[in-house]
Amino acid sequence: MGKKDRKKQGLGAAKTAAKTAKKEQKAAAAARKASGEEDVEAILAEILAAEAAAVAVTEALDVPPPSPRVNGTLVPHPSRDGELLLFGGEHFDGARTMFFSDTYTYAPAKGVWSLYTSPTRPPPRSAAAAASYRGHLYLFGGEFASPSGGQFHHFKDLWRLDGATMSWERLELRGGPSARSGHRLAVSKGRLLVFGGFYDTLRETRYMNDLHVLDLNADQLKWSSPTTTITDVVPSPRSGFQWVVDESDGSVVLYGGFCKAPPPKKSGRAHVVGKGKKGAKGGSSAAASLAAEEAYDGRGTVMTDAFRLRPDNLTWARIKKGGYAPSARAGFGLLSHKRLAVLFGGVEDEEGADEELVSRFHADLFALNLDRGKWHPLTLRPPKSAKAAAAAAARRKRRKGRRKGAGGGAGEGGEAGSAGSSEAPHRTSGGDAGGADGDDGVGADGVGADGVGDDGDSSSSSDEEEEERDEEPPAPCGRFNAATAMLGNTLYVFGGMVEKGDVEVTLDDIWSVDLSRLHAWTCVQPLSAAASAWYGSDSEADDDDDDDAAGSDGGAPYADADADADGNGNGSDDSNAAAATAAVAARARRTATLRSRLVASEDGWTPRPSEPLKAFVERTRPHWLGLAHEALGETGKALRRAAFDWARVRYEEVRPTLVELEALTAAAEAEAAEEAAIVKAEAAEGAARRARSRR
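These remarks concern the structure in this document. All figures in this text were calculated on a predicted structure; none of them were measured in a lab.

## Some words on unusual backbone geometry
One non-glycine residue with positive phi stands out, namely arginine 134, at about 50°. Within the secondary structure, arginine 134 is located in the loop between strand S6 (129–133) and strand S7 (136–140). Residue arginine 134 is classed as exposed on the basis of its relative accessible area of 64%. The residue leucine 314 is not glycine, and still its phi comes out positive at about 55°.

## Quick notes on helix H10 (residues 613–632)
Over its 20 residues, H10 extends only 23 Å from the first C-alpha to the last, a length that falls short of the 28 Å expected when each residue adds 1.5 Å. If you check which residues of H10 are buried, you get Leu613, Phe616, Val617, Thr620, Arg621, Trp624, Leu625, Gly626, Leu627, Ala628 and Ala631. Directly after H10, the chain includes glycine 633, whose backbone phi takes a positive value near 75°.

## A closer look at the packing of aromatic side chains
Scanning the model with the defined rule gives 21 aromatic pairs in all. Ring plane angle 35° and centroid distance 6.3 Å describe the contact between phenylalanine 195 and tryptophan 243, whose orientation is recorded as tilted. Taken together, the residues span a long stretch of sequence, with phenylalanine 195 in strand S13 (residues 191–195) and tryptophan 243 in strand S18 (residues 242–245) at a distance of 48 residues. Take phenylalanine 195 and tryptophan 243: they sit in the same class, and that class is buried.

## Describing the sheet that holds strand S1 (residues 58–63)
Hydrogen bonds between backbone groups are what pair the strands of a sheet, and the pairing can be parallel or antiparallel. Reading across from one edge, S1-S5-S4-S3-S2 is the order of the five strands in this open sheet, with antiparallel pairing throughout. Both edges of this open sheet fall to S1 and strand S2 (73–76), since each of them pairs with a single strand only. Within the sheet, the average angular offset between the axes of one strand and its neighbour, ignoring direction, is 30°. With four bridges joining them, S2 and strand S3 (residues 84–92) adopt antiparallel strand pairing. Bridge assignment links proline 76 to a residue of S3, and that residue is leucine 84.

Reading the values: the criteria
- Residues numbered from 1 in each chain as written.
- Predicted model: local features only at pLDDT ≥ 70, side-chain atom pairs only at ≥ 80, totals over all residues.
- Heavy atoms only, no water.
- Helix = DSSP H or I, 4+ residues; strand = E, 2+ residues; numbered from the N terminus.
- Buried < 20%, exposed > 50% of the residue type's maximum accessible area, 1.4 Å probe, protein only.
- Expected span 1.5 Å × (residues − 1).
- Phe/Tyr/Trp six-rings, centres within 6.5 Å; stacked < 30°, edge-to-face > 60°.
- Pairing = 2+ DSSP bridges.
- Axes fitted to C-alpha atoms, helices over the stretch in contact; angles between N-to-C directions.

Dropping the structure here:
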């Protein structure tokens, strides 16, 4: 076949695909008309027409707080110090999805919200991206959906907000990024950068990794895109990632993201029998296609890699993962604070029983050191009360007396500690190695930050710590896709979403934490009653009640299933046997999932089953000391405190998994013991029966 024929064949395929897409659009439009749902484009046009009636920017001061929302845009005000600016977002209440186009400002010092209405403003949207430069806020892209969520519209418009007048204007520029959401914006050395995102119309899903640049200092704004070669390092297509600008050199550090691969094309046949070499190849290809179809679960991939974009030539370089990194998650926030990139929250999904997804929502803090390229957790340490301070002073005095009585001290070569210099190579000589006092991070089990107990008074220190822990400080609940922003040293978190069974709870509370002190979270604005409004089906509420009844114990749902399988129900023997088999299979799947979450039992720094915190800290002390020194460069008391805090974070992170795994293992062992007892009893009965028959 000649080139001309091949060209015509390609055009024919393109025409066929276009006709098919057009038919699908007509069919979808007919279905919407039959159901009474208005077209998403018509909804947007109606909204824009209503907003066009405004003739000037209006300001409403001291208004009620914004409604609950997720995927909103929260940034420091581009021209007012000490204020935040919020735009857009969405809220699903179980019946319909609402998108917002309101522009709020918030003054934390006064606790006052203000609402601004502009004659021209971006249409309602969520998952847009924004960045500030010289008193202006630039906003690009985002998504909108019909109330039922059956239609999607992705934006590719660029807007600019004047921070002084609070007026929006649309920048009409040719070219530039395609329509998308889940992307990110940043300004580096006067250039607006757009990267990544995804495009989804329910019929087509496409993830992107293209980079677009807009020089904001040019006389004429014009989009450009750097060229890359096949050998260049470029982050893979993704959305939902985060990045921060390194102010020291203008580079941009990118972390994480999510990508969902499209479903494989269906082979259209169950098997292929080929003849000869060519037929065998075709059969192998068809078998591979069938295997891909069966393996595809549609869940996607959560990424944990990191990259740095150089500002001089706009090329990417990988950042080697090191330190104590956060677990793989999506929907987190990442903000720049001094020489750190601070991460908050997010969600991770895993397979539970019956192959359903189990979500874990986070409210923890991690930081990436931009100089060292190392991750570490940020732990909060509330200031001690007067009672705790007096107890710590008494413990230091007793410990000092014991050292004098022993005839040696930590000041002679730094060998008074039990670890020694070989076990903790990063500990400085002359440091306090004889056990940490309360200020050094005494844990609930009476173990100091360097892992050494307080001998005779360890129980009293444990009691004092338990008194401190009885009153847990307030903290935000785990959530994802919350709006986060940094004002000075303070991190602010607004809204987001958390799931409770089948109910999606959209939040509107505000929390803050001073990263320079890391004492405690502060609830700036409590959760409103509107956040709990849910108009979903009754079955969802019933499912949620069932989840609550099951309790938080990971083994409870399987215990219930086992109880039903014991024949106590009303089903037949066959149904009971099937239920028992299903329960065993569900427990096995869950056990495998939990074991895979533990990384490796021999990694040396994962808690072991039934291991208390004190034993875990003592066993893993060298690992945490080395990790903390490598990530922070700390020594002495600060190093021991960080090492203890990180060990406790790891313990609390893994311990729930171990508890659930222990419960599942105990259930399996009990079941095996019961089966063995039944077999033994049956054997004994058979032996007795045979003995009676011989009499």
